[in-house]
Amino acid sequence: MCTARYYITILTAILGGSAQFYSYGIVNPCQELITQWINLTYMERSGTFVSETNLNLIWALVVGSVSLGALAGALLVRVLSERCGRRNALIINGIFNIIGAFCELIARSASSPELLIIGRFILGANMGLTSGVVPMYLMELTPAKYRGAAGTLHMVAVSFSDWFSLLIGLPEVLGGSNWWPIAFALPGIPALALCFILPFCPESPKYLLMTRGNREAAYDSIVALVGEKQAKPVFNELIRESARDKSRSGSFWELFTSKKLRLPLLVSLLVMVAQQFTGCTAVFAYSTDMFINAKLDPQTARYATLAIGVVYFLFACSAPLLIDRVGRRPLSLFQLIACLIALSLLTLFTGIQQYGQATWASYGTIGALVLYMCVYGVGSPIPWMITGELFNQHFRSTAVTVSVFVAYLMATIISSAYLPFQQMVGVTFSYMPFIVVSSISIVVLYFILPETKNRDVNDIVNEARARNHSLSVGMPWNAVSQEGRTEMKKLLDDISEGYSSISN
């Protein structure tokens, strides 16, 4: 059993850190309002309105500053988490979060769109940093039996912040002309709470023992997390894990050049890229437009987007309950396959609606979007946590830095390229790159993705190498064990059984 301090630490980290993804979505419901304010502000400065081209450029900076900040924040994961510790990295992140929120709060009163852009860049950097540090911190704090569930809580908080930002951004809530600065600055409140609470919470015992070499501090941290009675066996297991870990560098150079680390790095990046090519970035960014294409009026489309955001959150809440029942590998493959089916249905119904002029197909489009949100939420946490299980302590933060940076790089590229690509090929065919890449990813990951549940890092890597060797000698069927060969057949049964046990 874990202590009250453990639960307070977990709650503080996910609400003060992970929920900062709120900043990504809050801008979408307020687009018209913010662009009008920008135009009026520059008219007051220069006496003339901004041209449409320049206004679109400024708006692109407002929206894109979060993504650019996230890329910068991702690169800071290793530096801050290794030099300052996981907990202190989150505290530093929280301080800058408050600064970014303050910039957004005063942007309108200061008549400064530049402050709004700067604030969103800082909050984007907070997002990039928390994407790597929070899952790592949660999993290192948690006893092995519950580590998978703890690792999923980051994305549960992210999914909550996604729909919550859409709710707050509605004109009826805080998205009106008088209140939008408060809506934008809202993340500063949980960040402030984090800065006050987290200093009294324990640091990661793995970090204290394996990185700092402080046995006494590591033991005290374990006592704070699980209590005196359970501390000794947990500490002894940590000592054994430390003894098995012979590496001491953890540099980017060694990560990219070591043959032993090449395959785990490849797997972690492929899982992250595969999820980005489920189309999640495009669906989240343009879901309102998709509903409008399905013949909903703009106001109803906004509420529909909020509704599917709630659906995404509810199904993401099932991930902590399913992750250790079903396993990382089956759940990841299930998510990818189900998202592929949903995207294929979305393409089919959109095509029927567009080229066949069948009005009933709009219902199919809406159903496909709802289905997509359901199945995406179930497996969404896995890419963000699996890297921490594929690498030992000394390379964990380095590998997480790389995988998070790649995730945000792909998200930035996809979100920037999707709309021009859609205008070029049409809505129906705009989903084809996601379908093609997802299909290839499913096949590749089926053969090379190892199961990481309740397993030692060395065992996981050895399985991955065996799978890779079978592929390299042209015998992919040997890459899958006897148990694995029946895995695809049992996949839906496992998910169904997991949900049944939850409901009972």
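Just above, that's the structure.
Parameters at a glance
Residues numbered from 1 in each chain as written. Predicted model: local features only at pLDDT ≥ 70, side-chain atom pairs only at ≥ 80, totals over all residues. Heavy atoms only, no water. Helix = DSSP H or I, 4+ residues; strand = E, 2+ residues; numbered from the N terminus. Rg over C-alpha atoms; globule rule 2.2 N^0.38 Å. Buried < 20%, exposed > 50% of the residue type's maximum accessible area, 1.4 Å probe, protein only. Contact = heavy atoms within 4.5 Å. Core = buried A, V, L, I, M, F, W, Y, C linked by side-chain atoms within 4.5 Å. Phe/Tyr/Trp six-rings, centres within 6.5 Å; stacked < 30°, edge-to-face > 60°. Polar contact = N/O pair within 3.5 Å; in protein donor to acceptor, adjacent residues only side chain to side chain. Expected span 1.5 Å × (residues − 1). Axes fitted to C-alpha atoms, helices over the stretch in contact; angles between N-to-C directions. Parallel < 35°, antiparallel > 145°, perpendicular 65-115°, else oblique. Left-handed = near helix turned anticlockwise from the far one by under 90°. Nonpolar A, V, L, I, M, F, W, Y, C, P; charged D, E, K, R; others polar. Salt bridge = Lys/Arg side-chain N within 4 Å of Asp/Glu carboxyl O. Patch = residues over 30% accessible without salt bridge, like charges linked within 9 Å, V, L, I, M, F, W, Y side chains within 5 Å. Areas by Shrake-Rupley, 256 points an atom, 1.4 Å probe, with all protein chains shown as cover. 1 Å grid on protein atoms, 1.4 Å probe; cavity = no way out; pocket = protein on both sides within 12 Å on 5 of 7 lines; lining within 4 Å. Points joined across faces, edges and corners; volume = space filled by probe spheres on them.

**Remarks on the overall build of the protein**
Item 1. Each helix and strand in the protein was counted, giving 26 helices and zero strands.
Item 2. Here the protein has a C-alpha radius of gyration of 23 Å; the compact-globule value for 504 residues is 23 Å, and the two agree.
Item 3. With respect to the principal axes defined by its C-alpha atoms, the protein has extents near 70 × 55 × 50 Å.
Item 4. Across the 504 residues of the protein, 56% fall into the buried class.
Item 5. In the protein, the share of contacts with a sequence separation of at least 24, taken over all contacts with a separation of at least 6, comes to 81%.

**Notes on the nonpolar core**
Item 1. Core analysis: the biggest nonpolar cluster contains 109 residues, and Leu255, Tyr372, Phe391, Tyr408 and Leu445 have the highest contact counts within it.
Item 2. Per-element tally for this core: the top contributor is helix α22 (residues 393-425), with 11 residues.
Item 3. Those residues in contact with Phe391 that lie beyond four places of it in its chain are Leu255, Leu261, Pro264, Leu265, Ser268, Arg396, Ala399 and Val457.

**As for the packing of aromatic side chains**
Item 1. Counted by the stated rule, this structure contains 20 aromatic pairs.
Item 2. Ring centres of Tyr312 and Tyr376 lie 5.6 Å apart, and the angle between their planes is 45 degrees; on these two criteria the pair is classed as tilted. With Tyr312 in helix α17 (residues 298-316) and Tyr376 in helix α20 (residues 361-379), this residue pair connects regions lying 64 residues apart in the sequence. For the pair Tyr312 and Tyr376, a shared accessibility class is recorded, and that class is buried.
Item 3. Counting every residue linked through ring pairs, the aromatic cluster contains Tyr22, Phe160, Trp163, Phe164 and Phe313.

**Details of the side chain of Ser268**
Item 1. Within the secondary structure, Ser268 is located in helix α15 (residues 259-276).
Item 2. Within the structure, the side chain of Ser268 is placed 2.8 Å from the backbone oxygen of Leu265, a separation counted as a polar contact.
Item 3. Beyond its immediate stretch of four places on either side in the chain, Ser268 contacts Thr387, Leu390 and Phe391.

**Overview of helix α3 (residues 31-46)**
Item 1. End to end, α3 covers 23 Å across 16 residues, agreeing with the expected 22 Å (1.5 Å per residue, within 8%).
Item 2. Restricting attention to buried positions, one finds in α3 the residues Ile34, Thr35, Trp37, Ile38, Asn39, Thr41 and Tyr42.
Item 3. Taken together, the buried residues of α3 touch α4 (52-74), α7 (113-141) and α9 (180-185).
Item 4. Phi for Gly47, located one or two positions after α3, is positive at around 90 degrees.

**Overview of the packing of helix α6 (residues 86-106) against α7**
Item 1. In the contact formed by α6 and α7, the axes pass within 8 Å of each other and the chain directions differ by 155 degrees. In terms of orientation, α6 and α7 fall into the roughly antiparallel class. Two packed elements cross with a definite hand, and for α6 against α7 that hand is left-handed.
Item 2. Here the residues of the contact of α6 with α7 are counted per class, giving 17 nonpolar, six polar and five charged.

**Examining the pattern of salt bridges**
Item 1. The tally for this structure, following the rule as stated, stands at seven salt bridges.
Item 2. Among the salt bridges present, the one from Arg240 reaches Glu237, with a minimum N-O distance of 2.9 Å. You can see Arg240 and its partner Glu237 sitting in helix α13 (residues 228-244), three residues apart, about one turn around the helix.
Item 3. Looking at Glu237, the relative accessible area reads 35%, which means it is partly exposed.
Item 4. In this structure, Arg328 and Asp324 form a salt bridge, with 2.6 Å as the shortest nitrogen-oxygen distance.
Item 5. The exposure class of Arg328 is buried, given its relative accessible area of 2%.
Item 6. The class for Asp324 is partly exposed, based on a relative accessible area of 23%.

**With respect to a nonpolar patch on the surface**
Item 1. Together, Tyr355, Phe429, Met432, Val436, Ile440 and Val444 line one region of the surface with nonpolar side chains, adding up to about 550 Å² of accessible area.
Item 2. Per element, the largest residue contribution to the nonpolar patch is four residues, and it comes from helix α23 (residues 432-448).
Item 3. Relative to the helices and strands, Val436 is located in helix α23.
Item 4. On the accessibility criterion, Val436 (44% relative accessible area) is partly exposed.

**As for empty space enclosed by the protein**
Over the atoms rolls a probe the size of a water molecule, and its path tells where empty space is left.
Item 1. A full pass over the atoms with the stated rule returns one cavity of 30 Å³ or more.
Item 2. By volume, the largest cavity is sized at about 30 Å³.
Item 3. Taken together, Met290, Asn293, Thr350, Gln353, Thr365, Val427 and Tyr431 form the lining of the largest cavity.
Item 4. Taken together, the elements giving at least two residues each to the lining of the largest cavity come down to α16 (280-293) and α19 (328-355).

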